[in-house]
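Residue strings, one per chain:
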Amino acid sequence: MSIAQESIITKPTRRRIKRTPYLLILPGIGWLFLFFIFPLSTLFATSLQKPAGISPDDGFLPAFKVSNYSSALVEYYPQFFRGFLYSGIATVICLLLAYPIAYYMAFRARKYRNLMLVLIVAPFFASFLLRTNAWKTILSGDGIVVGFLNSFNLLPQDRILNTSLAVVAGLTYNFLPFMILPLYTSLEKIDPRLIEAAGDLYSPPSQRFWKVVWPLSIPGVISGTLLTFIPASGDYINAELLGSIKDKMIGNVIQSQFIDLRDYPTASALSFTFMAIILVMIYLYIRRAGTDDLV
Amino acid sequence: MFIIKLIREKTLQVFSVLIIVYLMLPLAVIILLSFNKPKGRQNTSWNEFSLDAWTNICRDQTICRAFSTSIQIGLLVTIISTIIGTMISFALIRHRYRGRGTTSLLVFLPLATPEVILGASLLALFLNIFIPLGFWTILLAQITFTISFVVVVVNARLAGMDPKLEQAAMDLYATPLQTFRYITFPIALPGILAAALLSFSLSFDDFIVTTFNSGRIVTFPIYIWGAALRGIPPQVNVIASLMFLGSLLLILVASLISKNRRATKV
């Protein structure tokens with residue numbers, strides 16, 4: 001909005017307009033403080049507690065036990081590393097798969113664009129757990145995929161299920177729409193005349209892409225990467241349903257520490273370390289892109 | 001030269017279609033297996049065509065009870081988070097104020113937080129202040145993460161809106177309330193409805209955050225998780241297929257209505 005336009009709206013009713021935005025955000029911001037920021041600080045406090053007795057039923061006492069962090073990290077660093085590795089690989093594959101289709105929708109699809117958008121969001125309307133479970137059927141030992149790949153000796157373990165390959169494939173599948181949608185949004189904003197202009201100036205197709213389209217799509221690439229990588233790194237459903245015991249990720253550890261073992265301080269220490277790593281990533285993103293493009 | 005160009009164009013098209021097929025594949029399996037009569041308890045491979053599951057959805061009472069719990073939670077979550085989220089979105093897009101950057105950061109953070117951490121931190125809170133887990137804690141937890149999705153969707157709609165329409169209304173002496181009622185709100189409505197649909201499906205499908213805060217309440221995803229080890233009955237596939245086809249139909253009808261309206265207006 002230009003400065004001229006803005007002054008038209010704000011001048012006559014300046015006082016009331018000043019108050020309105022704060023009234024509008026009040027319930028939402030209040031809610032997020034109460035049920036998002038405050039719980040995170042409780043999580044931090046819990047991560048420093050010490051056990052009151054031998055069993056978790058005895059409860060935990062407030063303390064400043066920093067060693068919760070070191071002992072949790074020493075014990076579970078492989079799962080931490082694996083979580084980031086698997087989700088990192090899945091994110092890269094998602095980017096490679098998502099970019100062409102987002103490009104096609106933004107510049108070529110014309111009247112099929114909306115239909116494609118609906119079909120990309122459609123998987124969200126059938127249960128996440130059932131879809132992941134359906135991959136069990138597709139990737140099972142007597143299924144087509146495994147039979148086909150085995151006939152070329154492409155599978156080192158002769159199977160896909162219960163391997164790290166299946167976990168990465170499941171993560172890729174489940175989070176692909178989160179990559180496609182932001183990419184599409186940022187590609188769609190590009191004026192096609194810019195690409196034509198580059199062509200008129202004798203730039204070959206590859207240069208047109210790398211010098212015009214790619215730089216303008218960077219915001220989409222970054223937010224798509226964040227929206228894929230972050231939920232994928234904390235996921236435990238894919239590792240649980242498709243992987244073996246050796247494929248457990250950090251999400252699995254946090255889940256079992258919290259729910260099965262009820263070792264709340266250790267679980268909180270792990271969660272908080274995880275959150276800190278993610279906050280650093282978001283900080284780096286904001287330093288590059290600012291807060292305007294966040295939501 | 002022409003042929004190379006044709007191949008390049010077609011490759012992109014074929015690749016895009018393949019991605020769509022890839023995204024649809026598990027859905028096809030889910031629907032197919034809803035017509036299956038599984039040999040043992042595990043409904044993972046094709047055995048025999050049967051309509052049993054479709055004619056007898058509620059044979060196992062727990063499935064339908066879990067389903068109706070999820071619908072109840074989903075409706076409440078949708079109403080509350082759509083209202084709260086839409087309000088934030090109006091503030092972010094229609095106003096320039098101090099703290100706007102902080103608002104969008106605060107809205108973005110839940111989107112960027114892994115679900116285990118959202119669930120775990122709320123569980124830590126509820127445990128520390130001794131709130132019993134159950135229906136209400138699920139509701140609180142789900143609203144917390146759906147608000148941000150509502151803001152994203154409504155923002156997209158409002159950002160594409162021409163501010164001159166509101167200015168024109170004001171110039172014609174419409175009060176701010178009238179401007180909102182007759183101009184802003186009708187234009188934002190498709191975005192708000194899309195946001196509501198999204199928050200319902202997020203709530204209905206949520207497993208991770210919910211399982212941390214559910215106590216003894218069994219929602220539909222929690223039922224599926226529990227059944228996954230013993231074998232998921234085909235009735236679950238029937239319900240999932242119905243939900244999936246129903247929401248596709250809803251989107252189709254909505255887009256037809258909006259297309260019709262545009263056609264009659266022009």
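On a predicted model such as this, the values are computed, not experimentally measured, just so you know.

Asker: Could you give me a rundown of the overall build of chain B, with the residues and numbers involved?
Answerer: Along chain B, the regular secondary structure elements total 11 helices and zero strands. For chain B, the α and β elements follow one another from N to C terminus as α-α-α-α-α-α-α-α-α-α-α. Overall size of chain B, expressed as C-alpha extent along the three principal axes, is 70 × 70 × 40 Å. Considering chain B as a whole, with its 266 residues, one finds that 43% of them fall into the buried category.

Asker: Explain the overall build of chain A to me, using residue names and the numbers behind them.
Answerer: The number of helices and strands found in chain A is 12 helices and two strands. Tracing chain A from N to C terminus, the helices and strands come up as α-α-β-β-α-α-α-α-α-α-α-α-α-α. Each of the three principal axes of chain A carries a C-alpha extent, and together these read 70 × 70 × 35 Å. Counting the 295 residues in chain A, one finds 42% classified as buried. Once local pairs closer than 6 in sequence are excluded, the contacts in chain A between residues at least 24 apart make up 68%.

Asker: Let's hear about the confidence of the model for chain B: which residues, and what values?
Answerer: Scored by pLDDT, chain B has a mean of 88; 98% of the residues are at 70 or more. Predicted complex, confidence summary: ipTM 0.86, pTM 0.86.

Asker: How would you explain the packing of helix α11 (residues 250–260) of chain A against helix α5 (residues 115–128) of chain B if you had to name every residue and give the values?
Answerer: Interhelical geometry of α11 of chain A versus α5 of chain B gives an angle of 20° and a closest axis separation of 10 Å. In terms of axis orientation, α11 of chain A runs roughly parallel to α5 of chain B. Every pair of crossing elements has a handedness; the one defined by α11 of chain A and α5 of chain B is left-handed. On α5 of chain B, the residues that touch Gly 251, Ile 254, Gln 255 and Phe 258 of chain A of α11 of chain A are Val 116, Ala 120 and Leu 123 of chain B. Across the contact of α11 of chain A with α5 of chain B, the residue classes break down as five nonpolar, two polar and no charged.

Asker: Can you lay out the environment of Gly 40 of chain B for me, pointing to particular residues and giving the numbers?
Answerer: Residues and elements named next belong to chain B. Considering the arrangement of structural elements, one finds Gly 40 in the loop between α1 (2–33) and α2 (52–55). Since 9 C-beta atoms lie within 10 Å of it, Gly 40 is described here as exposed. Along the primary structure Gly 40 and Asn 213 are separated by 173 residues, whereas in three dimensions their C-alpha atoms are 33 Å apart.

Asker: Give me the interface of chain B and chain A: which residues, what numbers.
Answerer: Listed by partner, the interface residues are 72 residues for chain B and 74 residues for chain A. The element contributing the most residues to the side of chain B that touches chain A is α1 of chain B, with 13 residues. Split into classes, the residues belonging to the side of chain B that touches chain A amount to 51 nonpolar, 19 polar and two charged.

Asker: How would you summarise the nonpolar core if you had to cite specific residues and measurements?
Answerer: Counting 143 residues, the largest nonpolar core has Ala 98 and Ala 102 of chain A together with Ala 120 of chain B as the members making the most contacts within it. When residues of this core are assigned to domains, at least three map to each of domain 1 (1–47) and domain 2 (67–289) of chain A. Beyond its immediate stretch of four places on either side in the chain, Ala 102 of chain A contacts Ile 180, Leu 183, Tyr 184 and Leu 187 of chain A.

Asker: Can you tell me about unusual backbone geometry, naming the residues and giving the values?
Answerer: Negative phi characterises most residues that are not glycine, and trans characterises most peptide bonds. Residue and element names in this part refer to chain A. Despite not being glycine, Arg 110 has its phi angle at roughly 45°, a positive value. Of note in this structure, Arg 262 is not a glycine but carries a positive phi near 55°. Take Arg 262: it is sitting in the loop between α11 and α12 (264–289). Taking the C-beta count within 10 Å as the criterion, Arg 262 has 14 such neighbours and is therefore assigned partly exposed.

Asker: Which residues make up the domain arrangement of chain A, and what are the values?
Answerer: Residue and element names in this part refer to chain A. Domain parsing of chain A yields domain 1 (1–47) and domain 2 (67–289). Its C-alpha centre places domain 1 at a distance of 31 Å from the equivalent point of domain 2. Between domain 1 and domain 2, the residue contacts involve five residues of the former and eight residues of the latter. Here the side of domain 1 that touches domain 2 is built from residues that sort into three nonpolar, two polar and no charged.

Asker: Any chance you could break down the environment of Tyr 285 of chain A for me, citing the residues and the numbers?
Answerer: In this fold, Tyr 285 of chain A is placed in helix α12. Distance in space between the C-alpha atoms of Tyr 285 of chain A and Pro 219 of chain A is 9.6 Å, their sequence separation being 66 residues.

Asker: So, the packing of helix α3 (residues 61–94) of chain B against helix α6 (residues 135–159) of chain B: which residues are in play, and what are the values?
Answerer: Between two packed helices, what matters for the description is the angle formed by their axes and the separation of those axes. Residue and element names in this part refer to chain B. One way to put it is that α3 packs onto α6 with a least axis distance of 6 Å and a crossing angle of 45°. Classified by the angle their axes make, α3 and α6 are oblique. Where α3 crosses over α6, the two elements pack in a sense that is right-handed. Its residues assigned to classes, the contact of α3 with α6 comprises 17 nonpolar, eight polar and one charged.

Each value, and the rule that gives it
Residues numbered from 1 in each chain as written. Chains lettered and ligands numbered in written order. Predicted model: local features only at pLDDT ≥ 70, side-chain atom pairs only at ≥ 80, totals over all residues. Helix = DSSP H or I, 4+ residues; strand = E, 2+ residues; numbered from the N terminus. Buried ≥ 20, exposed ≤ 12 C-beta atoms within 10 Å, placed from the backbone. Contact = placed C-beta atoms within 7 Å. pLDDT = per-residue confidence, 0-100. Axes fitted to C-alpha atoms, helices over the stretch in contact; angles between N-to-C directions. Parallel < 35°, antiparallel > 145°, perpendicular 65-115°, else oblique. Left-handed = near helix turned anticlockwise from the far one by under 90°. Nonpolar A, V, L, I, M, F, W, Y, C, P; charged D, E, K, R; others polar. Core = buried A, V, L, I, M, F, W, Y, C linked by C-beta atoms within 7 Å. Domains from an automatic or database assignment.

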